Amino acid sequence: MNFKAKQFCIDYNIPYWESGNNVSPGWINITCPMCGDKSSHGGINPNGGYYHCWRCGGHALKQIIKTLLNISYFEVEKIVEHETREPDLTFRVKGKLFAIEIETGTLLRKKDQLEKKIKDLNGKYKNRWLIVVSKRELVNKYSSFGLCTQRKWVCEKLEKMAGI
Ligand SMILES: [Zn+2]
């Protein structure tokens, strides 16, 4: 698994320990989100694929990330696999490439990454890309970055955008 535990903690403002109580050499420890831990019992191993808590035992790392950030598994996959710079969906209409980016709110917490992503989309797809959000209240938040819509309006927006 291509997962950098320390960078992840920095990016998402999660307190972490690299040494001290409970911390094995090379591991990144956090307050375990699974067992009411108040200290530093949860550890992510150096290769980033394995999680173990001294209080409650082993868990899948993806489950830990999901619980820590309160996000869906879909978003966990994007974080873990570092796939956030490619659009979620691309397709061609009349020889032109269009892109759809699906957002559930996580990137709003990572301004740098979001701005980089928008820059990439603008560079590669010009005005032929669309953000689709999972909740209505997110439309306004993402609209300052580009054309944004809810799932139920996707077809309408796409038809307009592609001129079909
Ligand atoms: Zn625990």
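Residues numbered from 1 in each chain as written. Predicted model: local features only at pLDDT ≥ 70, side-chain atom pairs only at ≥ 80, totals over all residues.

## Some words on the overall build of the protein
In step 1: Along the protein, the regular secondary structure elements total six helices and eight strands.
In step 2: Starting at the N terminus, the α and β elements of the protein follow one another as α-β-β-β-β-α-α-β-β-α-β-α-β-α.
In step 3: If you line up the protein on its principal axes, its C-alpha atoms span 60 × 25 × 25 Å.
In step 4: Counting across all 164 residues of the protein, residues that qualify as buried make up 21%. (Helix = DSSP H or I, 4+ residues; strand = E, 2+ residues; numbered from the N terminus. Buried ≥ 20, exposed ≤ 12 C-beta atoms within 10 Å, placed from the backbone.)

## Section: the pairing of strand β7 (residues 129-133)
In step 1: Taken across its five residues, β7 has five buried, putting it largely inside the fold.
In step 2: Burial of β7 is two-sided: the residues Trp129, Ile131 and Val133 facing one way and the residues Leu130 and Val132 facing the other way are all buried.
In step 3: In this structure, strand β6 (residues 96-103) lies alongside β7, joined through five bridges in parallel fashion. Residue pairing for β7: Ala99 is matched across the bridge by Trp129.
In step 4: As judged from the three bridges shared by β7 and strand β8 (residues 148-150), these two strands associate in the parallel manner. Note on β8: the bridge partner recorded for Val132 is Thr149.
In step 5: In terms of handedness, the path from β7 via helix α5 (residues 138-143) over to β8 forms a crossover that is right-handed. (Pairing = 2+ DSSP bridges. Right-handed = clockwise from strand over helix to strand, strands pointing away.)

## As for the domain arrangement of the protein
In step 1: Split into domains, the protein comes out as domain 1 (5-71) and domain 2 (89-162).
In step 2: Placing a centre on the C-alpha atoms of domain 1 and another on those of domain 2 gives a separation of 32 Å.
In step 3: If you look at the interface, domain 1 gives four residues, while domain 2 gives four residues.
In step 4: When its residues are assigned to classes, the side of domain 1 that touches domain 2 shows three nonpolar, no polar and one charged. (Domains from an automatic or database assignment. Contact = placed C-beta atoms within 7 Å. Nonpolar A, V, L, I, M, F, W, Y, C, P; charged D, E, K, R; others polar.)

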